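This is what each chain is made of:
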Amino acid sequence: MGFKKIRGINVSYARQGQIYFALANYEAMPAKTRAGVDRLIHQAAYAGRTQGEAYEKALRAWLIEGRGYNQVIRECCVNERALLEKRKWIYENW
């Protein structure tokens, strides 16, 4: 699946693309860069009203592994809106 601009995220199209493709190429990143991404995902998962391990797992599966949004929600038992808010947090705090 290709990249398209995510509405509602206050980051330019070009920057969103950089972030999207960086996450898609997570395994090819140097260890230090992966550690930074891991930290950002962890912070997003524990930010806000809904937080926890399930969101960290869901964000990783969706944004890094490229698994489907609906599949991730079902498997990780997370709230749809909260997951979208956490993705937004990652993009805006990248």
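Every value quoted in this text rests on a predicted model; they were computed, and no experiment measured them.

**Student:** Please clarify how the packing of helix α3 (residues 53-64) against helix α5 (residues 80-93) should be interpreted in this entry.
**Tutor:** Two quantities define a packed helix pair, namely the angle between the axes and the distance from one axis to the other. One way to put it is that α3 packs onto α5 with a least axis distance of 11 Å and a crossing angle of 70°. Looking at the two axes, α3 sits roughly perpendicular to α5. α3 and α5 meet at a crossing whose hand is right-handed. Across from Tyr55, Ala58, Leu59, Trp62 and Leu63 in α3, the residues of α5 making contact are Ala82, Leu83, Leu84, Lys86, Arg87 and Ile90. Here the residues of the contact of α3 with α5 are counted per class, giving nine nonpolar, no polar and two charged.

**Student:** Honestly, the packing of aromatic side chains in this entry has me stumped. Any pointers?
**Tutor:** Any aromatic ring pair is given by two values, namely how distant the centres are and how the planes are angled relative to each other. Scanning the model with the defined rule gives five aromatic pairs in all. Aromatic side chains Trp62 and Tyr69 sit 5.0 Å apart centroid to centroid with 50° between the ring planes, which places their arrangement in the tilted category. On the basis of relative accessibility, which here comes to 14%, the residue Trp62 falls in the buried class. Put simply, the rings of Phe3, Tyr13, Tyr20 and Phe21 touch in pairs and so form one group of aromatic residues. A cation over an aromatic ring shows up here: Lys86 above the ring of Tyr55, its NZ or CZ 5.2 Å from the ring centre.

**Student:** Help me understand the pattern of salt bridges, please; the structure alone is not making it clear to me.
**Tutor:** Side chains that differ in charge, positive against negative, can pair when their charged atoms come close. Using the criterion set out here, one finds four salt bridges in the structure. The salt bridge involving Glu65 is made with Arg67; its shortest N-O contact spans 2.8 Å. Among the ionic pairs, Glu75 bridges to Arg67, the shortest N-O distance being 2.3 Å. For Arg67, a relative accessible area of 25% puts it in the partly exposed group. Overlapping salt bridges, with partners in common, bring together Glu65, Arg67 and Glu75 in one network.

**Student:** Got a minute to help me understand the nonpolar core in this structure?
**Tutor:** One finds Val37, Leu59, Val72, Val78, Leu83 and Ile90 to be the most contacted residues of the largest nonpolar core, which totals 27 residues. The biggest single contributor to this core is α3, with seven residues. The residues contacting Ile90, other than those within four sequence positions of it, are Leu40, Ile41, Ala44, Leu59 and Leu63.

Calculation rules
Residues numbered from 1 in each chain as written. Predicted model: local features only at pLDDT ≥ 70, side-chain atom pairs only at ≥ 80, totals over all residues. Heavy atoms only, no water. Axes fitted to C-alpha atoms, helices over the stretch in contact; angles between N-to-C directions. Helix = DSSP H or I, 4+ residues; strand = E, 2+ residues; numbered from the N terminus. Parallel < 35°, antiparallel > 145°, perpendicular 65-115°, else oblique. Left-handed = near helix turned anticlockwise from the far one by under 90°. Contact = heavy atoms within 4.5 Å. Nonpolar A, V, L, I, M, F, W, Y, C, P; charged D, E, K, R; others polar. Phe/Tyr/Trp six-rings, centres within 6.5 Å; stacked < 30°, edge-to-face > 60°. Buried < 20%, exposed > 50% of the residue type's maximum accessible area, 1.4 Å probe, protein only. Lys NZ or Arg CZ within 6 Å of the ring centre and 35° of its normal. Salt bridge = Lys/Arg side-chain N within 4 Å of Asp/Glu carboxyl O. Core = buried A, V, L, I, M, F, W, Y, C linked by side-chain atoms within 4.5 Å.

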